[in-house]
Structures are given as C-alpha cells and as structure tokens.
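A structural walkthrough
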Amino acid sequence: VVNGPGKQRLPEWIRENCGSYWHPTGTCAIGPCLDNELRVLGLRALRVADASALPVHPRVPTQAACMAVGWRCAELLLRAHQES
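Residues numbered from 1 in each chain as written. Predicted model: local features only at pLDDT ≥ 70, side-chain atom pairs only at ≥ 80, totals over all residues. Heavy atoms only, no water.

This brings us to the overall build of the protein. Along its length, the protein carries 2 helices and 0 strands. The C-alpha radius of gyration of the protein comes to 19 Å, more than 25% above the 12 Å expected for a compact globule of 84 residues. A separation of at least 24 residues holds for 44% of the contacts in the protein among residues at least 6 apart in sequence. Counting every atom, the protein has about 6800 Å² of accessible surface; 58% of that belongs to carbon and sulfur. Distance between charge centroids for the protein: 5 Å, based on 9 positive and 7 negative side chains. (Helix = DSSP H or I, 4+ residues; strand = E, 2+ residues; numbered from the N terminus. Rg over C-alpha atoms; globule rule 2.2 N^0.38 Å. Contact = heavy atoms within 4.5 Å. Areas by Shrake-Rupley, 256 points an atom, 1.4 Å probe, with all protein chains shown as cover. Lys, Arg positive; Asp, Glu negative; His and termini not counted. Charge placed at Lys NZ, Arg CZ, Asp CG, Glu CD.)

Attention shifts here to the environment of L34. Looking at where L34 falls in the secondary structure, it is placed in the loop between helix 1 (10-17) and helix 2 (63-83). For L34, the residues in contact, after removing those within four places along its chain, are C28, A29, R39, V40, L41, V48 and A53.

Another aspect to go through is helix 2. For helix 2, spanning 21 residues, the distance from its first C-alpha to its last is 30 Å, which sits close to the expected 30 Å at 1.5 Å a residue. Residues V69, C73 and L76 constitute the buried set of helix 2. The arc that holds the buried residues of helix 2, viewed along the axis, is 60 degrees, so those residues lie on one side. Residues Q63, A64, W71, L78, H81 and Q82 are exposed on helix 2 and point more than 90 degrees away from its buried face. (Expected span 1.5 Å × (residues − 1). Buried < 20%, exposed > 50% of the residue type's maximum accessible area, 1.4 Å probe, protein only. Arc of directions from axis to C-beta.)

Tracing the chain through its elements places T62 in the loop between helix 1 and helix 2. What T62 contacts, discounting residues up to four positions off in sequence, is H23, T25 and H57.

Turning our eyes to something else, we now look at the environment of V69. With respect to the helices and strands, V69 occurs in helix 2. As a C-alpha pair, V69 and S52 span 17 residues in sequence and 9.9 Å in three-dimensional space. Ignoring anything within four residues of it in the chain, the contact list for V69 reads L38, V48, A49, D50, A53 and L54.

We now examine the pattern of salt bridges. Two side chains carrying opposite charge are able to pair once their charged atoms lie near each other. By the definition in use, this model includes 6 salt bridges. With its nearest N and O atoms 3.5 Å apart, the salt bridge here joins E37 to R39. For E75, the salt bridge identified is with R72, shortest N-O distance 3.4 Å. A residue pair is termed a helical-turn pair when its members lie 3 or 4 positions apart in one helix, as E75 and R72 do in helix 2 at 3 residues. Beyond isolated ion pairs, a larger network of salt bridges with shared partners links D35, E37, R39, R79 and E83. (Salt bridge = Lys/Arg side-chain N within 4 Å of Asp/Glu carboxyl O.)

In the Ramachandran plot, L38 falls in the positive-phi region, its phi being about 65 degrees despite a non-glycine side chain. Inspection of the secondary structure assignment puts L38 in the loop between helix 1 and helix 2.

Okay, here's the thing in structure tokens:
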C-alpha cells in the first residue's frame, strides 16, 4: 500500500478501508437450508426470497435472479393462501 499505515497497522487498515464488491448469495440456499418452495427447513412459516436462496452465485449481476426468486416466492405464497 503506497503511503499506507505501515506493517503493524496494515491488517486493521484493510478491515477499515476495504470491502467486497460481490453480492453475497447462497447463505441460506435451496437444498441445505430451504426446500423447493423456499421454506426454511425446520420452521413452519418462514420463506426466503432473496439472493441468499440461490444455491450458486450467478456469473452475472444478481438483480435479475433476485427478482425471479421474489416472483416465484410471491406465486408460492398466493398458491398456499388459496389452498388454505
């Protein structure tokens, strides 16, 4: 790091000044955490409808995938409501 903080303070400087440009995905993925209807395994009334539901990170920006997950979740909720 040019004109950086020096070796002793470098790890702290990195934590304070650096971040990720990646969009986190898969933190609550379909399979290990969710069923195929986006329901959290082991919980009764909780669904996930964001990038965390994606089982793999797409090679493109996540906006379209997130919208598709949200639309699918809305369809699932409507169907569940109509069946009850």
